[in-house]
Amino acid sequence: ELDTLVCYSVKACGNINILRFMADAGSGFDIVRGGELYRAAQAGADPKKIVFAGVGKTDAEITDALNTGIAYFNIESEAELANLITLAGQRQKTIKAALRINPDVDPKTHRYTTTGKKENKFGVDLERARRVFAEFGKDPYVKLRGIHLHIGSPIYSAEPYVEAISKAVSLIDELRSDGFTIETLDIGGGFGCDYIEGQSPSAQDYADDIVPLLRGKNLRI
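Attention here is on the structure that accompanies the text. Treat the numbers as computed from the prediction; the structure is a model and nothing was measured.

Cut-offs applied
- Residues numbered from 1 in each chain as written.
- Predicted model: local features only at pLDDT ≥ 70, side-chain atom pairs only at ≥ 80, totals over all residues.
- Heavy atoms only, no water.
- Phe/Tyr/Trp six-rings, centres within 6.5 Å; stacked < 30°, edge-to-face > 60°.
- Helix = DSSP H or I, 4+ residues; strand = E, 2+ residues; numbered from the N terminus.
- Buried < 20%, exposed > 50% of the residue type's maximum accessible area, 1.4 Å probe, protein only.
- Lys NZ or Arg CZ within 6 Å of the ring centre and 35° of its normal.
- 1 Å grid on protein atoms, 1.4 Å probe; cavity = no way out; pocket = protein on both sides within 12 Å on 5 of 7 lines; lining within 4 Å.
- Points joined across faces, edges and corners; volume = space filled by probe spheres on them.
- Nonpolar A, V, L, I, M, F, W, Y, C, P; charged D, E, K, R; others polar.
- Pairing = 2+ DSSP bridges.
- Right-handed = clockwise from strand over helix to strand, strands pointing away.
- Polar contact = N/O pair within 3.5 Å; in protein donor to acceptor, adjacent residues only side chain to side chain.
- Arc of directions from axis to C-beta.
- Contact = heavy atoms within 4.5 Å.
- Axes fitted to C-alpha atoms, helices over the stretch in contact; angles between N-to-C directions.
- Salt bridge = Lys/Arg side-chain N within 4 Å of Asp/Glu carboxyl O.

We now examine the packing of aromatic side chains. A full pass over the atoms with the stated rule returns 5 aromatic pairs. Geometrically, the ring pair formed by Phe133 and Phe180 is edge-to-face, given 5.5 Å between the ring centres and 65° between the ring planes. Of this pair, Phe133 sits in helix H5 (residues 126-136) while Phe180 sits in the loop between helix H6 (159-177) and strand S7 (184-186), placing them 47 residues apart in sequence. Taking the relative accessible area as the measure of exposure, Phe180 reaches 13% and is therefore buried. Their ring planes at 75° and their centres at 4.8 Å tell us that Phe191 and Tyr206 sit as a pair that is edge-to-face. Here Tyr206 lies in helix H7 (residues 203-214) and Phe191 lies in the loop between S7 and H7, a separation of 15 residues in the sequence. By relative accessible area, Phe191 is classed as partly exposed at 35%. Overall, Tyr206 belongs to the buried group, its relative accessible area being 6%. One aromatic cluster is present, formed by Tyr161, Phe191 and Tyr206 through successive ring pairs. A cation sits over an aromatic face here: Lys57 above Phe52, 5.4 Å from the ring centre.

The next point concerns empty space enclosed by the protein. Per the stated rule, a full pass over the model turns up 1 cavity of 30 Å³ or more. If you add up the space inside the largest cavity, you get close to 30 Å³. Lining the largest cavity we find Leu149, His150, Ile151, Tyr161, Ala164, Ile165 and Ile187. Across the lining of the largest cavity, the residue classes break down as 6 nonpolar, 1 polar and no charged.

It is worth spelling out the pairing of strand S5 (residues 95-100) at this point. The element S5 is extensively covered by neighbouring structure, given that 5 of its 6 residues are classed as buried. Strand direction decides the pairing type here: strand S4 (residues 72-75) and S5, joined by 4 bridges, are parallel. Opposite Asn74, over in S5, you have Ala98 as the bridge partner. With respect to chirality, the unit in which S4 leads through helix H4 (residues 78-91) into the neighbouring parallel S5 is right-handed. Inspection of the sheet shows S5 paired to strand S6 (residues 142-148) by 6 bridges, in the parallel sense. The residue of S6 that forms the bridge with Ala98 is Gly146.

The N-cap of helix H1 (residues 16-24), judged by a side-chain oxygen 2.9 Å from the amide nitrogen of Asn17 a few residues on, is Asn15. One or two residues past the end of H1 sits Gly26, with phi positive at roughly 100°.

Here we take up helix H2 (residues 34-42). Inspection of H2 places Glu36, Leu37 and Ala40 among the buried residues, and these make up the whole buried set. End-on view of H2: buried residues confined to an arc of 105°, all on one side of the axis. Where H2 is buried, its residues meet H1, strand S2 (28-31), strand S3 (50-52) and helix H3 (59-68). Immediately beyond the C-terminal end of H2, within one or two residues, lies Gly44, with a positive phi of roughly 85°.

Hydrogen bonding along the main chain pairs the strands of a sheet, whether they run parallel or antiparallel. The strand order across the open sheet formed by 7 strands is S1-S2-S3-S4-S5-S6-S7, and the pairing between neighbours is parallel. Edge positions in the sheet fall to strand S1 (7-9) and S7, since each has one partner strand and no second. Neighbour-to-neighbour, the strand axes of this sheet turn through a mean angle of 30°, independent of strand direction. Bridging between S3 and S4 involves 2 bridges; their strand directions are parallel. Considered in S4, the bridge of Phe52 is made with Phe73.

As a further point, take the pattern of salt bridges. Any two side chains of opposite charge can pair, given that their charged atoms come close. Enumeration according to the criterion identifies 12 salt bridges in this entry. A salt bridge links Arg215 to Glu1; the nearest nitrogen and oxygen atoms lie 2.9 Å apart. Taken as a pair, Arg215 in the segment after H7 and Glu1 in the segment before S1 lie far apart in primary sequence, 214 residues in all. Here Glu1 falls in the exposed class, since its relative accessible area comes to 75%. Put simply, Glu183 and Arg145 hold a salt bridge, and the shortest N to O gap is 3.8 Å. Here Glu183, found in the loop between H6 and S7, pairs with Arg145, found in strand S6; they are 38 residues apart in sequence, far enough to count as distant. Among the residues examined, Arg145 registers a relative accessible area of 18% and is labelled buried. In this structure, a network of salt bridges that share partners links the residues Lys96, Arg145 and Glu183.

Here is the structure:
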């Protein structure tokens, strides 16, 4: 019942035939390197369904993605956003971006694969996010239109998603009231595979808890 797009993580398996199978099924793609953009293109991916996440994007990789016309850049920091603005402005390319926030949520998974707690290095905290929008939210070339979450993996409960999404939706409401346009919320991945039968909730179990938080929010998920 929501406006959704599933983006398959190319780093999980970059086999061209599997990517082509996913593209033919209507999947989008989540990439973190330029080589993954190339593989997605070889598989026939729709550029408007490609999201470029990850840290350490090079100028060459960013330029290739700008020229390809991808859907979104997921941004990790002010420095990365400033660099994207410079590169897009130089090439007079308009692109959308989503800011990755760190919601300070414990996903109750392995400490090495936890990415959403305050002490983790990924994304910006909620107060800093407001400052990022105040400084960069009206740029003519890089349109800051989304919020990005990824709190860890594997996660065997909907509870951490509920907490993170609730915080993100509150931030989005604040940003909208301040005059910013927010179109997209990327809720990330990390849903636990059922390696031990019955360990992981079903997709329906996750949906039962997550969908009510997003109903009527006018967001692409």
